[in-house]
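Coordinates in review
The chain contents come next:
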Amino acid sequence: MVLALWVGGLVVVLVLLGLFVFGLRRRLIQRSGGTFDCSLRWDVSEEPDPSGKGWVYGVARYSGDRLDWFRVFSYAPRPRRGLERSAIEVTARRLPEGEEELALLSDSVVLGCLHRGTRLELAMSEDALTGFLAWLEAAPPGQRVNVA
């Protein structure tokens, strides 16, 4: 009986510790500012896929001329993807369709992009989209801007 209580208590402590580390990691990512919720679907086909498969929920952070993207449900301290401003080409903008609406945050807008020849989609709020497009267009002189 005592062993069962001890093991149960240990499991509760480990679960709480895991949740604490998730929260701490997110606070550390957001500490420097310039972050927003952003789902990502990497290496997609040219046709929109309304099935909702492949979307990964994350947090994006502006870091100079890069956009660093972190998975929310990860313990990794480093970004999962890094997108250089000069290599991002916006190709399409649309609203989520079909089951995609369930896979993404409410009021998301899907942005189709090319990054170094790889097709990807970013889903973010309308406010975050305005900031993202402004960041793309604010490239230093001499850099090309590819906003459709």
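Before going into details, it helps to say that this report is about the structure given with it.

So, how was this worked out
Residues numbered from 1 in each chain as written. Predicted model: local features only at pLDDT ≥ 70, side-chain atom pairs only at ≥ 80, totals over all residues. Heavy atoms only, no water. Pairing = 2+ DSSP bridges. Helix = DSSP H or I, 4+ residues; strand = E, 2+ residues; numbered from the N terminus. Axes fitted to C-alpha atoms, helices over the stretch in contact; angles between N-to-C directions. 1 Å grid on protein atoms, 1.4 Å probe; cavity = no way out; pocket = protein on both sides within 12 Å on 5 of 7 lines; lining within 4 Å. Points joined across faces, edges and corners; volume = space filled by probe spheres on them. Nonpolar A, V, L, I, M, F, W, Y, C, P; charged D, E, K, R; others polar. Expected span 1.5 Å × (residues − 1). Buried < 20%, exposed > 50% of the residue type's maximum accessible area, 1.4 Å probe, protein only. Arc of directions from axis to C-beta. Core = buried A, V, L, I, M, F, W, Y, C linked by side-chain atoms within 4.5 Å. Contact = heavy atoms within 4.5 Å.

1. Things to note about the sheet that holds strand β3 (residues 58-63)
Strand order in the open sheet formed by four strands is β1-β3-β4-β5, and the pairing between neighbours is antiparallel. Since the sheet does not close on itself, it has two edges, and those belong to β1 (35-37) and β5 (81-84), each with one partner. Between one strand axis and the next, the sheet turns by 20° as a mean value, whatever way the strands run. Where β3 lies against strand β4 (residues 66-71), six bridges are found, and the strand directions are antiparallel. Considered in β4, the bridge of Val 59 is made with Phe 70.

2. Concerning unusual backbone geometry
The backbone phi angle of Asp 43 is positive, close to 55°, even though this residue is not glycine. Mapped onto the secondary structure, Asp 43 falls in the loop between β2 (39-42) and β3. Backbone geometry places Asp 107, a non-glycine residue, at a positive phi of 65°. Note on placement: Asp 107 falls in the loop between α2 (100-103) and β7 (108-115).

3. What to know about the sheet that holds strand β8 (residues 118-125)
Strand order in the open sheet made by the four strands is β2-β8-β7-β6, with antiparallel pairing throughout. At either margin of the open sheet sits one strand with a lone partner, and together these are β2 and β6 (88-94). Averaged over all pairs of adjacent strands, the angle between strand axes in this sheet comes to 25°, irrespective of strand direction. Relative to β8, β2 runs antiparallel, the two being bridged by four bridges. What sits directly across from Ser 39, in β8, is Ala 123.

4. What about the layout of surface pockets?
What the largest pocket holds in volume is close to 180 Å³. If you trace the largest pocket, you find 15 residues lining it, with Glu 46, Thr 91, Ala 92, Gly 112 and Glu 121 closest to the centre. Mapped by element, the contributors of at least two residues to the lining of the largest pocket are β6, β7 and β8. Here the lining of the largest pocket gets four residues from one element, more than from any other, and that element is β7. Among the residues making up the lining of the largest pocket, the classes are represented as seven nonpolar, three polar and five charged.

5. A word on helix α3 (residues 126-137)
Counting along an α-helix, one turn takes 3.6 residues, and residues three or four places apart therefore face a common direction. Under the 1.5 Å per step criterion, the end-to-end length of α3 is 17 Å for twelve residues, consistent within 8% with the ideal 16 Å. Looking at α3, one finds that the buried residues are Ala 128, Leu 129, Phe 132, Leu 133, Trp 135 and Leu 136. End-on, the buried residues of α3 take up no more than an arc of 155°, which puts them together on one face. Residues of α3 that are exposed and point more than 90 degrees away from the buried face comprise Asp 127 and Thr 130.

6. Side note on the environment of Val 109
Tracing the chain through its elements places Val 109 in strand β7. Judged by relative accessible area, Val 109 falls into the buried class, the value being 4%. In sequence terms Val 109 and Trp 69 are 40 residues apart; their C-alpha atoms lie 17 Å from each other.

7. A look at the nonpolar core
One broad trend across soluble globular proteins is that nonpolar side chains are buried collectively. Counting residues in each nonpolar core, the largest one holds 21 residues, and the members touching the most others are Leu 122, Met 124 and Phe 132. When residues no more than four places from it in sequence are discounted, the contact partners of Phe 132 are Tyr 62, Leu 67, Ile 88, Leu 111, Leu 122 and Met 124.

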